[in-house]
Amino acid sequence: MVFLISKKKLLIFVLFLCCSIVGLSSNNKVTTIKYIEEEKEMNTYVVGHQNPDTDSICAAITYANLKQELGKEVEAIRIGKVNSETEFVLDKFDIEAPRLVEEVSADDEIILVDHNEKSQAIAGIEEAEVKEIIDHHRIGDIETGNPIYFRNEPVGSTCTVIAKLYQENDVELTDDMAGLLLSAILSDTVIFRSPTCTVTDEKIANRLAEQLGVEIEEYGKKLFKAGSVVNKLSPRELVQNDYKEYEFAGETIGVGQIEVMDVAEVEGIKDEIITASEKLVAENDYKFLILMVTDILAEGSLLLFTPGAEKTVGEAFDVEVDRSEVYLDGVLSRKKQIIPVLSDYLTT
Ligand SMILES: [Mn+2]
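What counts, and at which threshold
Position numbers for residues count from 1 along each chain, tracking the sequence in the order it is written. Reporting of local features is limited, given that this is a predicted model, to residues whose pLDDT is at least 70; pairs of side-chain atoms are given and counted only at 80 or more, and all residues count toward the totals for whole chains, interfaces and linings. Each helix is a run of H or I in the DSSP string that is no shorter than four residues. Each strand is a run of E no shorter than two, and both are numbered from the N terminus. With C-beta atoms placed from the backbone, a residue is buried if 20 or more other C-beta atoms are within 10 Å of its own, exposed if 12 or fewer are, and partly exposed between those counts. Residues are treated as contacting if the C-beta atoms built from their backbones sit within 7 Å of each other. Convention adopted: a line fitted to C-alpha atoms gives each axis, helices being fitted over their contacting stretch, and angles between N-to-C directions are expressed from 0 to 180 degrees. Oblique is the label for every angle not falling under 35 degrees (roughly parallel), over 145 degrees (roughly antiparallel), or within 65 to 115 degrees (roughly perpendicular). Two strands are said to pair when DSSP picks up at least two bridges between them. Nonpolar cores are built from buried Ala, Val, Leu, Ile, Met, Phe, Trp, Tyr and Cys residues. These are joined into a set through C-beta atoms within 7 Å. For each domain, the first and last residues come from an automatic or database assignment. Confidence of the prediction at every residue is given by pLDDT, a number between 0 and 100. Expected span, for any helix, means 1.5 Å times one less than how many residues it has. An arc is given here, and it is the one of the directions from the helix axis to the C-beta atoms.

A. Quick peek at the overall build of the protein. Summing up its helical and strand segments, the protein has 11 helices and 11 strands in all. Each of the 348 residues in the protein was classed as buried or not, and the buried ones make up 36%. The contacts in the protein between residues at least 6 apart in sequence include a share of 62% that link residues at least 24 apart.

B. Up close: the packing of helix α10 (residues 310-317) against helix α11 (residues 334-347). Relative orientation of the contacting elements α10 and α11 amounts to 110°, with a least axis distance of 9 Å. One element, α10, and the other, α11, form an angle in the roughly perpendicular class. For the pair formed by α10 and α11, the contact residues are Thr-312, Glu-315, Ala-316 and Phe-317 on the first element and Val-341, Leu-342, Tyr-345 and Leu-346 on the second.

C. Quick peek at the sheet that holds strand β6 (residues 149-152). Strand order in the open sheet formed by six strands is β3-β2-β1-β4-β5-β6, with parallel pairing between adjacent strands. Bordering the open sheet on either side are β3 (99-100) and β6, each of which pairs with just one other strand. Here two bridges tie strand β2 (residues 75-78) to β3, and the two strands are oriented parallel to one another. Paired with Arg-78 across the two strands is Leu-100, which belongs to β3. Running at roughly 165° to β2, helix α2 (residues 54-69) makes contact with β1 (43-47), β2, β4 (108-113) and β5 (129-135) of the sheet.

D. Representation of unusual backbone geometry in the model. For Ile-191, which is not glycine, the phi torsion reads 50° and is therefore positive. The topology assignment puts Ile-191 in the loop between α5 (175-188) and α6 (199-212).

E. Geometry of the nonpolar core. With 78 residues, the main nonpolar core has Val-46, Val-47, Ala-60, Tyr-63 and Leu-181 as its most contacted residues. Of the domains in this structure, domain 1 (43-226) and domain 2 (235-347) are the two that each give at least three residues to this core. Among residues more than four places away in sequence, those in contact with Val-46 are Ala-60, Tyr-63, Ala-64, Val-74, Ala-76, Ile-111 and Val-113.

F. Examining the sheet that holds strand β9 (residues 288-295) more closely. The five strands lie next to each other as β7-β8-β9-β10-β11, forming an open sheet whose pairing is mixed. One side of each edge strand has no neighbouring strand; the edge strands of this open sheet are β7 (243-248) and β11 (325-329). Direction aside, the axes of adjacent strands within the sheet are offset by 25° on average. Packed on one face of the sheet, α11 meets β7, β8 (251-260) and β9 and runs near 25° to β7.

G. Quick look at the pairing of β4. Within β4, five of the six residues are buried, leaving the element largely enclosed by the surrounding structure. Across five bridges, the pairing between β1 and β4 is parallel. Within β4, the position partnered with Val-46 by the bridge is Ile-111. With five bridges connecting them, β4 and β5 associate as parallel partners. Residue pairing in the sheet places Glu-109 in a bridge with Glu-129 of β5.

H. Seen up close, the confidence of the model for the protein. Looking at the protein as a whole, its pLDDT mean stands at 89, while 88% of the residues score no less than 70. Contacts for the low-pLDDT stretch residues 17-39, under 50 throughout, to residues beyond four places or in other chains number zero contacts.

I. Molecular detail of the environment of Met-261. Here Met-261 is to be found in the loop between β8 and α9 (270-284). Between the C-alpha atom of Met-261 and that of Lys-222, which follows or precedes it by 39 residues, the distance is 9.3 Å. In this structure, Met-261 is in contact with Lys-221, Phe-224, Lys-225, Ser-228, Ile-296 and Leu-297, ignoring residues within four places of it in sequence.

J. Region of interest: the environment of Glu-272. For Glu-272, the location among the structural elements is in helix α9. The exposure class assigned to Glu-272 is partly exposed, which follows from the 14 C-beta atoms found within 10 Å. When the C-alpha atoms of Glu-272 and Arg-236 are compared, they prove to be 8.5 Å apart, with 36 residues separating the residues in sequence.

K. Summary view of the environment of Phe-317. Looking at the element boundaries, Phe-317 is found in helix α10. Here Phe-317 falls in the partly exposed class, since 18 other C-beta atoms lie within 10 Å of it. In contact with Phe-317, other than residues within four places in its own chain, are Leu-328 and Val-341.

L. Highlighting α9. The end-to-end C-alpha distance of α9, which contains 15 residues, comes to 21 Å, matching closely the 21 Å that a straight helix rising 1.5 Å per residue would cover. Taken together, the buried positions of α9 are Ile-273, Ile-274, Ala-276, Ser-277 and Val-281. The buried residues of α9 occupy one face: seen down the axis, they fall within an arc of 165°. Opposite the buried face of α9, by more than 90 degrees, sit the exposed residues Asp-271, Ala-282 and Glu-283. Within two residues after α9, Asp-285 carries a phi angle of roughly 55°, on the positive side.

Now the structure itself:
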């Protein structure tokens, strides 16, 4: 009898369990449908890094185009001003700049291109869902809740990776998209001169140039000329455009750097640059200040420096210096070729 009752109880329990499962699963269905509806309203943005360069902007546009060709609804956006080099590229291939979006929210999904570090990413990235990353930088600090498509290759440009993705997905490259990819590769690799440039970058760029009937060296120079800061910034802004302070033996020096297609670009404004530099030295109590005007084609740098630096520069680099300038052949890197030499000289 006791056994029978418990059997009955068991039966009731099993029935209850079944009902709960049915209830649960039907409940589940409702949530699933709701989720799909919500997903439809989500925005998926393809976005490059802050202070975007040509690679970041072109990667966002072309990767959004590839996703669209593959049937996905995505939009390329940007989080900063389009620089003059990129403007030249967009004009040339008649493509509109991506929409400026300052911040994303929990309703947004994002695909990061050309960066994978929070400090370089769009505001609100913590709330939004990162769906994919396409990049060519060191791996940073972005964490995701779910597995994502993360494609990172040690090549010279994100657009090199994107060109490969078009190929892998059998999507034909229209001339305008090919133009953006080529421009970004030439920009990021400094027309194949950067130490970051690989055989893959060159191969892909050559293929794109062939499709477009573009001569690489000639087009690349036009591209860099369009991006040159010389005619767009004041002498003081030129010095401070890419500027760092260093301390040696208790004294501070400043070293700025600009990249040009030809050092002759600064010929007419050297005196103004020195005057602006002298002002900065006085304001900041520097020992001296140097502006590196780096000629990316000739692969050398013209150093323009304030009075008082002649002896240091001459002796440290073992060169004969003019009153306020010297050209150093083969010197392109502040970090690797200027600072260690000054450090050695000034601290020993
Ligand atoms: Mn890049």
